Amino acid sequence: MTFSRPENSDLSTRLTQALTPEQGTLLHLVADEAARQSLSLYIVGGFVRDLLLGHPGLDLDLVVEGDALGLARALATKHGGKVTVHTRFKTAQWFPPPATGLPESVDFISARSESYKHPAALPTVKLGKLIDDLRRRDFTINTLALRLDRDHFGELHDNLGGLNDLEAGSVRVLQPVSFEDDPTRLLRVVRYEQRYGFQIARETLALIPEALLLINRLSAERLRHELDLVLEEENAASMLERLAELGILAAAHPALKWNKATQTRFATGMAAAQTLKHPPAQRTLGWTLWLMDVPLPGLESIEKRLHFESGLRDMLLAASALFAKVNSLAGEKPSRWVAVLDAVPLKAVQAVSLALPAGPVRQELRAYIETWRQVKPKTNGHDLKKRGLLPGPAYQSILKSLREAWLDGEVKTVDDEMALLEKLTSKFK
Ligand code: ATP
Ligand code: MG
């Protein structure tokens, strides 16, 4: 990650260049209204961090010193559109009217201070100054703010050492109790470290061991959400490796492991997925590749902790069951493979095929996905009826035998199939 310490004039230019034309227009409307109400307006957090690192993102995190709800409502009164507010968190979202060419929505936060009644609880929120809002954030590199209102456009506010840490490549919490206040930061710290090729600051690293037990207090949703975010990252594998090394995975759940075999499977699967026309969703594939070798009881126990949504849970169970037995099917006849795989959701078959190294088993799974599963005899139920067979279990048995004969190459032409059909139906007449 390249970083160069910016001049203020340079920053307003960089900011202007980084915004899409829609975002630029929007920010001007917002900045004018803020100035009219004598409110200071800042863009804060990830956008500023990434702007300084030279690859700005699209999410604008706007902080107002004062009432964000009033600002959003004034914008809607003047320019139309809708506003939704969260009174408790003092945040508002403005949806400009469609067809104005403005972004779909923008989020406003009233600068606020937060305190935590007990570890891992949701915070108590009060209105405050910009600095209060920055103090409640997770890491110094996320505390940089750029002021936007009129004459101050592009002014950098660096009150908590963010610029130094960005330059040094350090991810640092703001206070020693940070992980206790919010144990999700144990996962976030690794995500930023690995995303940018940074290092967790020495003092911050030293706080991790004693904070590990607090992960137990996180709800299923908060813990799973942080892991989802990891799996959506390009560097997910190095993040999971680091989370394991620091004991964070084991603290989240003892069956969440990361080792050499997981690493290889994950890398193989992610690379193979890139070559597909319709690759599976990255997060789903990530979970599946990661947990594919966890046996059923382990998966059920992880599910109790993390509460996967039902589609993902079914996928994980099916993929793990198939992965456990797939090698024992090597060299079996296609009809035997099809009998097993027809009972497995196709997505799980695909995930296992992506995970496997090149070799006969992978080829067999791919043959199933691409060809075998669609193989059907020419004959159908109507044809059997025409031949005078009474509908019943014989139908299924005959059609299955015909399909197997095609799959295993015992039947290669329609004439072959008719000959076999003769033989099979004669048994039932
Ligand atoms: P990303 O590029 O991952 O979106 P981001 O910095 O935008 O990075 P978000 O998760 O979108 O991160 O959160 C926006 C801002 O909110 C962060 O920059 C950070 O300052 C603050 N934040 C998010 N989660 C926490 C947390 N658990 N504790 C404290 N501050 C947080
Ligand atoms: Mg963000």
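Above this text is the structure in question.
A quick note: this is a predicted structure, and the numbers were derived from the prediction, not measured.

Reading the values: the criteria
- By convention here, each chain's residues receive numbers from 1 onward along its written sequence.
- Each chain gets a letter, beginning with A, and each ligand a number, beginning with 1, in the order they are written.
- Since the coordinates come from a predicted model, pLDDT governs what is reported: local features require at least 70, and pairs of side-chain atoms require 80 or more to be given and counted, while whole-chain, interface and lining totals use all residues.
- Neither water nor hydrogens contribute to the side-chain values; these are computed over all heavy atoms in the structure.
- Throughout, near means a residue has at least one heavy atom within 4 Å of the molecule or strand.
- Polar contact is defined as a pair of N or O atoms within 3.5 Å, subject to the rule that within protein one atom must be able to donate a hydrogen and the other to accept it, and that residues adjacent in sequence are counted only when both atoms are side-chain atoms.
- By definition, any uninterrupted DSSP run of H or I lasting at least four residues is a helix, any uninterrupted run of E lasting at least two residues is a strand, and each is numbered from the N terminus.
- In the scheme used here, Gly and all other residues not listed as nonpolar or charged are polar, with Ala, Val, Leu, Ile, Met, Phe, Trp, Tyr, Cys and Pro taken as nonpolar and Asp, Glu, Lys and Arg as charged.
- Basic side-chain nitrogens of Lys or Arg form a salt bridge, by our definition, when they fall within 4 Å of a carboxyl oxygen of Asp or Glu.
- For every residue, the accessible area obtained with a 1.4 Å probe (protein chains only) is divided by the maximum for its type, and the residue is called buried under 20%, exposed over 50%, and partly exposed between those limits.
- Angles run from 0 to 180 degrees between N-to-C directions of axes, and those axes are lines fitted to C-alpha atoms, restricted for helices to the stretch in contact.
- An angle below 35 degrees is treated as roughly parallel, one above 145 as roughly antiparallel, one from 65 to 115 as roughly perpendicular, and anything else as oblique.
- In this description, contact between two residues means that some pair of their heavy atoms is separated by no more than 4.5 Å.
- Pairing between strands is defined by DSSP: at least two bridges between them are needed.
- What makes a crossing left-handed is the near helix being turned counterclockwise from the far one by less than a right angle; a clockwise turn instead makes it right-handed.

Draft legend 1. Molecular detail of the site of ligand 1. Residues in close proximity to ligand 1 total 15 residues, the closest being Arg49, Arg137, Asp182, Arg185 and Arg195. The contact in question runs from an oxygen atom of ligand 1 to an N or O atom on the side chain of Arg137, over 3.0 Å. The separation between an oxygen atom of ligand 1 and a polar side-chain atom of Arg188 is 3.2 Å. Listed by contribution, the elements that provide at least two residues to the shell around ligand 1 are helix H3 (46-52) and helix H8 (185-196). Among the elements that line the shell around ligand 1, the one with the most residues is H8, at five residues. The residue inventory of the shell around ligand 1, partitioned by class, reads one nonpolar, four polar and 10 charged.

Draft legend 2. Spatial organisation of the pattern of salt bridges. Counted according to the given criterion, the structure contains 28 salt bridges. When the shortest N-O distance is used, the salt bridge between Arg191 and Glu226 registers 4.0 Å. Taken together, the residues span a long stretch of sequence, with Arg191 in helix H8 and Glu226 in helix H10 (residues 220-231) at a distance of 35 residues. We classify Arg191 as buried; its relative accessible area is 5%. Salt bridges sharing common partners tie together Asp138, Arg188, Arg191, Arg195, Glu226 and Glu233.

Draft legend 3. Geometry of the packing of H8 against H10. Viewed as axis vectors pointing N to C, H8 and H10 meet at an angle of 10°, and their least axial separation amounts to 10 Å. On the basis of their axis angle, the class for H8 and H10 is roughly parallel. Facing H8, whose interface residues are Leu187, Arg188 and Arg191, H10 presents Leu223, Glu226, Leu227, Leu229 and Val230. Split into classes, the residues belonging to the contact of H8 with H10 amount to five nonpolar, no polar and three charged.

Draft legend 4. Quick peek at the sheet that holds strand S1 (residues 40-44). In space, the seven strands of this open sheet follow the order S3-S4-S5-S2-S1-S8-S9, with mixed pairing throughout. On the outer flanks of this sheet lie strand S3 (82-86) and strand S9 (155-157), each paired with one strand and no other. Between one strand and the next, the sheet's axes are offset by a mean angle of 30°, whatever the strand orientation. In the sheet, strand S2 (residues 61-65) pairs with strand S5 (residues 106-110) via four bridges, with the strands oriented parallel. Note on S5: the bridge partner recorded for Asp61 is Asp107. Against the sheet, helix H2 (residues 21-36) engages S1, S2, strand S4 (91-95) and S5, with an angle of about 145° to S1.

Draft legend 5. Broad picture of the packing of helix H21 (residues 393-407) against helix H22 (residues 414-428). Viewed as axis vectors pointing N to C, H21 and H22 meet at an angle of 150°, and their least axial separation amounts to 10 Å. One way to sum up the angle between H21 and H22 is to call them roughly antiparallel. Like other packed secondary-structure pairs, H21 and H22 cross with a definite hand, here right-handed. For the pair H21 and H22, contact is made by Ala394, Ser397, Ile398, Ser401, Leu402, Ala405 and Trp406 and by Val414, Glu417, Leu420, Leu421, Leu424, Thr425 and Phe428, respectively.

Draft legend 6. Representation of the side chain of Ser353 in the model. Structurally, the position occupied by Ser353 is in helix H18 (residues 346-355). On the basis of relative accessible area, Ser353 is assigned to the buried category, the value being 2%. If we skip the residues at most four places from it in the chain, Ser353 touches Arg362, Leu365, Arg366 and Ile369.

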